[in-house]
Amino acid sequence: MLTDQATYNRKRFRNQIFIFVIKLLVYLGLTYFSFSQRDLFSKYHWLERATNALSLFLGANLLISVGWIVTIFWYLQKHRLQKLTRDNFVLGINRITSVLNTVFLLVAMLIFFGQKLSELFFSLSIAAAALALLSKDYITNMINGLIIMFSDQLSLGDQIKVNEYRGKVLDITLVNVVLQNEDDDIVLIPNSVIFSSMVINQSKQNIKKLTIEFELDLKHHISPEIIEKELKTVLLPFSSNITDSSFSLKILEIKKDAVHYKIQFLMPRPDKETERKIKRLLNSTILSFSGREVNTHQDAD
């Protein structure tokens, strides 16, 4: 699978080079047209503005593309066939490329509408300062997003927990981190929250800790030893999915009429479907102890 993903990366890299060559040919043709059709420009001023705007955008886009190609080529050569289709570094480079292209597109549009370059950069500097003051939180999120993308602490596909939210990292944008939780809901967490909260990254440990809490009425008089033995017995079909000697049954609290238990064990690798089956099986076994009077609370750290 790793080879297929790396092959996809290389195909995309070749496609980008092909697109770069086409843009270069268009830029050279546009440059030749602008120098050879001066008389036409003096007659149609809008055509001159359109040519200048397009030349500026294509020239800037070509320089950005050169930087992208060189950086990605170096990255693919460094990691050879062992990189995922989308990882943090590639994601960060793509985001920066998109932002720069958007900026030059806006500049090209202003030139097309007759804005002079000297006045343009002065206006842009004032607009950028005002924008920074008005959208301070958004800019902070962008910076935090780039830091996340270029770090190895949080990666695409990681299973993480942020405050009360947990799930798989589907995407990292300049605004938020996109999670997919156990119910397949999409959760958007702002990058600023990621930086200001405690984040548990289960994938970096390459383990999954599964926890189930429940209460058992004292009138059932079932000893903890019997409960632990029966729970371990029903988990035997999943022995390959549970780390050896990691199963534990703890008494958290003895109340007036009930005992609060906690089951906890480690899974050597995250497996969403297997985790669901194990939870369902354990819940059925727990319910067999106390019928409908039991309260269960599940948590996967």
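Residues numbered from 1 in each chain as written. Predicted model: local features only at pLDDT ≥ 70, side-chain atom pairs only at ≥ 80, totals over all residues. Heavy atoms only, no water.

### A closer look at the overall build of the protein chain
- The secondary structure content of the protein chain amounts to 10 helices and 9 strands.
- Counting across all 301 residues of the protein chain, residues that qualify as buried make up 36%.
- Restricting the contact set of the protein chain to residue pairs at least 6 apart, pairs at least 24 apart contribute 67%.
- Put simply, the protein chain shows about 18,300 Å² of open surface, and 60% of that area lies on carbon and sulfur atoms. (Helix = DSSP H or I, 4+ residues; strand = E, 2+ residues; numbered from the N terminus. Buried < 20%, exposed > 50% of the residue type's maximum accessible area, 1.4 Å probe, protein only. Contact = heavy atoms within 4.5 Å. Areas by Shrake-Rupley, 256 points an atom, 1.4 Å probe, with all protein chains shown as cover.)

### Some details on the confidence of the model for the protein chain
- Chain-level statistics for the protein chain give a pLDDT mean of 77 and a share of 79% at 70 or above.
- Contacts for the low-pLDDT stretch residues 1-5, under 50 throughout, to residues beyond four places or in other chains number 6 contacts.
- In this model residues 292-296 is a low-confidence stretch, pLDDT under 50, and it forms 14 contacts with partners more than four residues away in sequence or in other chains. (pLDDT = per-residue confidence, 0-100.)

### Comments concerning the nonpolar core
- Counting 20 residues, the largest nonpolar core has Phe 214, Ile 227, Leu 231, Ile 263 and Phe 265 as its most contacted members.
- If you list the elements that add at least two residues to this core, you get strand 6 (208-217), helix 9 (224-234), strand 8 (258-267) and helix 10 (272-290).
- Setting aside anything within four residues of it in sequence, one finds Ile 227 in contact with Phe 214, Leu 216, Ile 222, Leu 249, Tyr 261 and Phe 289.
- Residues Leu 91, Met 149, Leu 156 and Ile 172 belong to the second largest nonpolar core, which totals 15 residues. (Core = buried A, V, L, I, M, F, W, Y, C linked by side-chain atoms within 4.5 Å.)

### Some details on a nonpolar patch on the surface
- A surface patch of nonpolar side chains, amounting to about 740 Å² of accessible area, comprises Tyr 44, Trp 46, Leu 105, Leu 106, Met 109, Phe 112 and Phe 113.
- Counting residues per element, the nonpolar patch draws most heavily on helix 4 (residues 88-112), at 4 residues.
- We classify Met 109 as partly exposed; its relative accessible area is 42%. (Patch = residues over 30% accessible without salt bridge, like charges linked within 9 Å, V, L, I, M, F, W, Y side chains within 5 Å. Salt bridge = Lys/Arg side-chain N within 4 Å of Asp/Glu carboxyl O.)

### Section: the side chain of Ser 55
- Within the element layout of this structure, Ser 55 appears in helix 3 (residues 45-79).
- The class for Ser 55 is buried, based on a relative accessible area of 16%.
- When sequence neighbours within four positions are dropped, the list of residues in contact with Ser 55 reads Tyr 27 and Leu 30.

### Observations regarding the sheet that holds strand 1 (residues 159-162)
- Read from one edge to the other, the open sheet built from 5 strands follows the order 4-3-2-1-5, with strand pairing classed as antiparallel. For this open sheet the edge positions go to strand 4 (186-190) and strand 5 (199-201), each flanked by a neighbour on one side alone. Taking the axes of each pair of neighbouring strands and ignoring which way they run, one obtains an average angle of 40° across the sheet.
- Sheet topology note: the strand 3 (residues 176-180)/strand 4 ladder contains 5 bridges and is antiparallel. Paired with Leu 179 across the two strands is Val 187, which belongs to strand 4. (Pairing = 2+ DSSP bridges. Axes fitted to C-alpha atoms, helices over the stretch in contact; angles between N-to-C directions.)

### Overview of the environment of Arg 38
- If you trace the backbone, Arg 38 turns up in helix 2 (residues 38-43).
- In this structure, the C-alpha to C-alpha distance between Arg 38 and Glu 48, residues 10 residues apart in sequence, is 8.7 Å.

### As for the pairing of strand 7 (residues 248-254)
- Judged from the 6 bridges that link them, strand 7 and strand 8 form a sheet pairing that is antiparallel. Paired with Ser 248 across the bridge in strand 8 is Gln 264.
- Counted between consecutive antiparallel strands, the loop separating strand 7 from strand 8 contains 3 residues.

### So, the environment of Leu 154
- Here Leu 154 is to be found in the loop between helix 6 (136-149) and strand 1.
- Spatially, the C-alpha atoms of Leu 154 and Val 177 are 10.0 Å apart, while their sequence positions differ by 23 residues.

### Some words on the pattern of salt bridges
- According to the stated counting rule, one finds 4 salt bridges in the structure shown.
- Between Asp 171 and Arg 95 there is a salt bridge, and its shortest N-O distance comes to 3.1 Å. Pair noted here: Asp 171 is in strand 2 (residues 165-172) and Arg 95 is in helix 4, with a separation of 76 residues, a long-range link.
- Between Lys 232 and Glu 228 there is a salt bridge, and its shortest N-O distance comes to 3.2 Å. Highlighted residues: Lys 232 and Glu 228, both in helix 9, separated by 4 residues, approximately one helical turn.

### A look at the pairing of strand 1
- The sheet contact formed by strand 1 and strand 2 spans 4 bridges and is antiparallel. Bridge pairing links Gln 159 to Lys 168 in strand 2.
- As consecutive antiparallel partners, strand 1 and strand 2 are separated by 2 residues, and within that stretch Asn 163 has a phi angle of approximately 55°, a positive value.

### Notes on the packing of aromatic side chains
- All told, the structure shown has 2 aromatic pairs when counted by the stated rule.
- Taking 5.2 Å as the distance between ring centres and 20° as the angle between the ring planes, the aromatic pair formed by Phe 214 and Tyr 261 counts as stacked. Here the residue Phe 214 occupies a position in strand 6, and Tyr 261 occupies one in strand 8, the gap between them amounting to 47 residues.
- Arranged with centres 6.1 Å apart and planes meeting at 15°, the rings of Phe 247 and Phe 265 form a pair that is stacked. A residue pair is termed long-range when its members are at least 10 positions apart, and Phe 247 in the loop between helix 9 and strand 7 and Phe 265 in strand 8 qualify at 18 residues. The pair formed by Phe 247 and Phe 265 is uniform in burial state, with each residue classed as buried. (Phe/Tyr/Trp six-rings, centres within 6.5 Å; stacked < 30°, edge-to-face > 60°.)

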